[in-house]
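Observations on the model geometry
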Amino acid sequence: MKTERRSALIDRPTSELAALPRRAPLPAHHPDPVLDVVVPVYNEENDLEPCVRRLHAHLGETFPYSFRITIADNASTDRTPRIAARLAAELPGTDWIRLAEKGRGRALHAAWSRSRAPVLAYLDVDLSTDLAALLPLVAPLISGHSDIAIGTRLARGSRVVRGPKREIISRCYNGLLRSTLAVGFSDAQCGFKAVRRDVAERLLPLVEDQGWFFDTELLVIAERAGLRIHEVPVDWVDDPDSRVRIVSTALADLRGMARLGRALACGRLPLSALHRSDGDLAGTLPAGLARQAVRFAAVGVASTLCYLLLYLGLRPATGAQAANALALLASAVANTAANRRLTFGVRGRGGALRHHLKGLAAFLVGLALTSGSLAALHHTAPGAGREVELVALVAANLAATLLRFLLFRAWVFPARDNDRRTTGSS
């Protein structure tokens, strides 16, 4: 069923997919449970009952809305199903489902797909994450501020107790994600996440993985589509009895990253189906504008330094105007290549020539501004020294940089090409 839903959504023309509605706060008196917390389990006969009872008591005492707890048993072979059924019968607002196949991603997909709660969450049965973070996790989704919320063990305010082996593995994995898929979120693996149901309905058909990579794939697709992801620092204590098989899970994650990277590179994922409607402020702002501006500025600083060094080196032999043109041309080619990869997330050779030709057109704008500033300086102050020339050129370059950023964003790497971009920045 999952594959058919995913294929159907991908095969539909983008024009037939209505934008997500504007985010709005949930009403104070919602007729159905506002929050559905899923606890995926496999052979957890020892931890299941204390986890669910503690979670139920915590929600009953601290959560101001109605809630449901769903135990998602994926093919347990011990007493887990019997314990789940008993808890569902004893604790109000508790349910359980039984899946015939293993896989945490499969369990979450099934439980979230059947739920009608407007906010969907999950947490690991070992309760490694302190439940005090649950309300801060879901509050941005209830208020309409964010689309997805995740717990992070890597934020400055987090308090984490775990061995060096798992710490190194976790940091390496998230570092690998940032370097290959250029993600902005800090912790993909923490078993403490929530999503608005309207977003989940669009995301789940696009997520292919049914195991541990499910979380990462969902987050990468959401971020690439411009959805807002809220991070909550958590207190987290490692479970020494964890069932995760590190080597096999790591290999599966690497395969998942490669597969997801290919899908993004080939434009197989209809990311525009996840955009918010124009009535939403987040939907009207260009996706990734702040991040792109920061990266563009960093590239601009480096290319400006390169330009000034080239100008100073060429100036004695060629004169001011020729040195300016040659230095600006060389730095502009490097600037376009760097921004193509780092700022706008385009990899591979596809469209490279077109991008560089448009980048050269933007270079001509910069050349006109800087050459014009030099000509005006020499006309008004013929005896101006090198220091004055550099000040004038830096000022002109700042104006040219702002204009070039707008040209890059609107013309060289337009937003409508997002779906065809590869594994760089979103």
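One can find the structure itself at the top, above this paragraph.
A brief structural summary. (Residues numbered from 1 in each chain as written. Predicted model: local features only at pLDDT ≥ 70, side-chain atom pairs only at ≥ 80, totals over all residues. Heavy atoms only, no water.)

**Here's the deal with the overall build of the chain**
In plain terms, the rule: Working definition: helices are DSSP H or I runs of at least four residues, strands are E runs of at least two. Numbering for both runs from the N terminus. We call two residues in contact whenever any of their non-hydrogen atoms come within 4.5 Å of each other. Note on areas: these come from Shrake-Rupley sampling with a 1.4 Å probe, and a residue is covered only by the protein chains present in the view.
Scanning the chain from terminus to terminus reveals 14 helices and nine strands. Look at the contacts in the chain between residues 6 or more apart in sequence, and 80% of them connect residues 24 or more apart. When the accessible surface of the chain is split by element, carbon and sulfur atoms take 61% of a total near 19,500 Å².

**Here we look at helix H12 (residues 320-343)**
Rules: Here the term buried applies to any residue with accessible area under 20% of the maximum for its type, exposed to any over 50%, and partly exposed to those in between, with areas from a 1.4 Å probe on protein chains only.
Three or more residues of H12 are buried, namely Ala-320, Ala-323, Asn-324, Ala-327, Leu-328, Ser-331, Ala-332, Asn-335, Thr-336, Asn-339, Arg-340 and Thr-343. Phi turns positive, to about 65°, at Gly-345, one or two residues after H12.

**Notes on the packing of helix H13 (residues 352-380) against helix H14 (residues 386-412)**
Filter applied, for reference: Lines fitted to C-alpha atoms define the axes here, with helix axes fitted over just the stretch in contact, and angles between the N-to-C directions of these axes take values from 0 to 180 degrees. Oblique is the label for every angle not falling under 35 degrees (roughly parallel), over 145 degrees (roughly antiparallel), or within 65 to 115 degrees (roughly perpendicular). In a left-handed crossing the near helix is turned counterclockwise from the far helix by less than a right angle, and in a right-handed crossing that turn is clockwise. Three classes are used: nonpolar for Ala, Val, Leu, Ile, Met, Phe, Trp, Tyr, Cys and Pro, charged for Asp, Glu, Lys and Arg, and polar for all others, with Gly counted as polar.
Axis separation between H13 and H14 bottoms out at 9 Å; the angle between their running directions is 155°. Classified by the angle their axes make, H13 and H14 are roughly antiparallel. Relative to H14, H13 is oriented so that their crossing is right-handed. Here the residues of the contact of H13 with H14 are counted per class, giving 17 nonpolar, seven polar and three charged.

**What to know about a nonpolar patch on the surface**
Note the cut-off: Each patch is built from residues that are more than 30% exposed by relative accessible area and take part in no salt bridge. Like charges join if they lie within 9 Å; nonpolar side chains (Val, Leu, Ile, Met, Phe, Trp, Tyr) join within 5 Å. Every case where a carboxyl oxygen of Asp or Glu lies within 4 Å of a side-chain nitrogen of Lys or Arg is listed as a salt bridge.
Taken together, Leu-329, Val-333, Leu-353, Leu-357 and Leu-360 make up a surface patch of nonpolar side chains, about 430 Å² in accessible area. It is H13 that provides the largest number of residues to the nonpolar patch, a total of three residues. Note on placement: Leu-360 falls in helix H13.

**Concerning the nonpolar core**
Spelled out, the test is: The definition of a nonpolar core used throughout is a set of buried Ala, Val, Leu, Ile, Met, Phe, Trp, Tyr and Cys residues joined through side-chain atoms within 4.5 Å.
Grouped together as the largest cluster of nonpolar side chains are 43 residues, with contacts concentrated most on Trp-112, Leu-203, Leu-218 and Ile-221. Counting residues per element, this core draws most heavily on helix H8 (residues 214-224), at six residues. In this structure, Val-39, Phe-63, Ile-69 and Ala-133 belong to the second largest nonpolar core, which totals 38 residues.

**Some words on the sheet that holds strand S8 (residues 229-233)**
Applied cut-off: In short, DSSP must find at least two bridges between two strands for them to pair.
Taken in spatial order, the seven strands line up as S3-S2-S1-S4-S7-S5-S8 in an open sheet, and their pairing is mixed. The strands lining the two open edges of the sheet, one partner per strand, are strand S3 (94-99) and S8. Averaged over all pairs of adjacent strands, the angle between their axes in this sheet comes to 20°, without regard to strand direction. One ladder, built from three bridges, connects strand S5 (residues 148-152) with strand S7 (residues 192-196); its direction is antiparallel. Paired with Ala-149 across the two strands is Ala-194, which belongs to S7. Contacting strand S1 (35-41), strand S2 (67-74) and S3, helix H3 (residues 80-90) runs over the sheet at an angle of about 155° to S3.

**Let's talk about the side chain of Asp-209**
Just so we agree on the cut-off: In this count, Lys and Arg are taken as positive residues and Asp and Glu as negative ones, while His and the chain termini are left out. Polar contact is the term for a pair of N or O atoms within 3.5 Å; when the atoms are in protein, one must be able to donate a hydrogen and the other to accept it, and sequence-neighboring residues count only if both atoms are side-chain atoms.
With respect to the helices, strands and loops of the structure, Asp-209 is situated in the loop between helix H7 (197-203) and H8. Of the buried charged residues, Asp-209 lacks a salt bridge, with Arg-259 as the closest side chain of opposite charge at 4.5 Å. Within the local environment of Asp-209, its side chain forms a polar contact with the backbone nitrogen of Gly-211, the two atoms lying 2.7 Å apart. Only 3.1 Å separates the side chain of Asp-209 from the backbone nitrogen of Phe-214, close enough to count as a polar contact.

**A word on the pattern of salt bridges**
Per the stated rule, a full pass over the model turns up 22 salt bridges. Its salt-bridge partner being Arg-68, residue Asp-36 comes within 3.9 Å of it at the nearest N-O pair. You can see Asp-36 sitting in strand S1 and its partner Arg-68 sitting in strand S2, a full 32 residues away along the chain. A salt bridge links Asp-95 to Arg-114, with the shortest nitrogen-to-oxygen separation between them at 3.4 Å. One end of the pair, Asp-95, is in strand S3; the other, Arg-114, is in helix H4 (residues 104-114), and 19 residues separate them in sequence. What you see here is one network of salt bridges that share partners, running through Glu-49, Arg-53, Arg-86 and Glu-90.

**A closer look at the packing of H12 against H13**
One way to put it is that H12 packs onto H13 with a least axis distance of 9 Å and a crossing angle of 145°. Where H12 crosses over H13, the two elements pack in a sense that is right-handed. Split by residue class, the contact of H12 with H13 holds 13 nonpolar, 10 polar and one charged.

**Describing the packing of aromatic side chains**
The criterion, for reference: Under the pairing criterion, centres of Phe, Tyr and Trp rings, with the six-membered ring standing for Trp, must be within 6.5 Å; the plane angle then separates stacked pairs below 30 degrees from edge-to-face pairs above 60, leaving the rest tilted. Cation placement over rings: the criterion is NZ of Lys or CZ of Arg within 6 Å of the ring centroid and within 35° of the ring normal.
Inspection of the entire model under this criterion finds three aromatic pairs. A ring pair is formed by Phe-63 and Tyr-65, whose centres lie 5.9 Å apart and whose planes are at 50°; its orientation type is tilted. Relative accessible area serves as the criterion here: at 8%, Phe-63 is assigned to the buried category. Within the aromatic cluster, the residues linked to one another by ring pairs are Trp-112, Tyr-122 and Phe-214. Above the face of the Trp-236 ring, Arg-153 is positioned so that its terminal group lies 4.8 Å from the ring centre.

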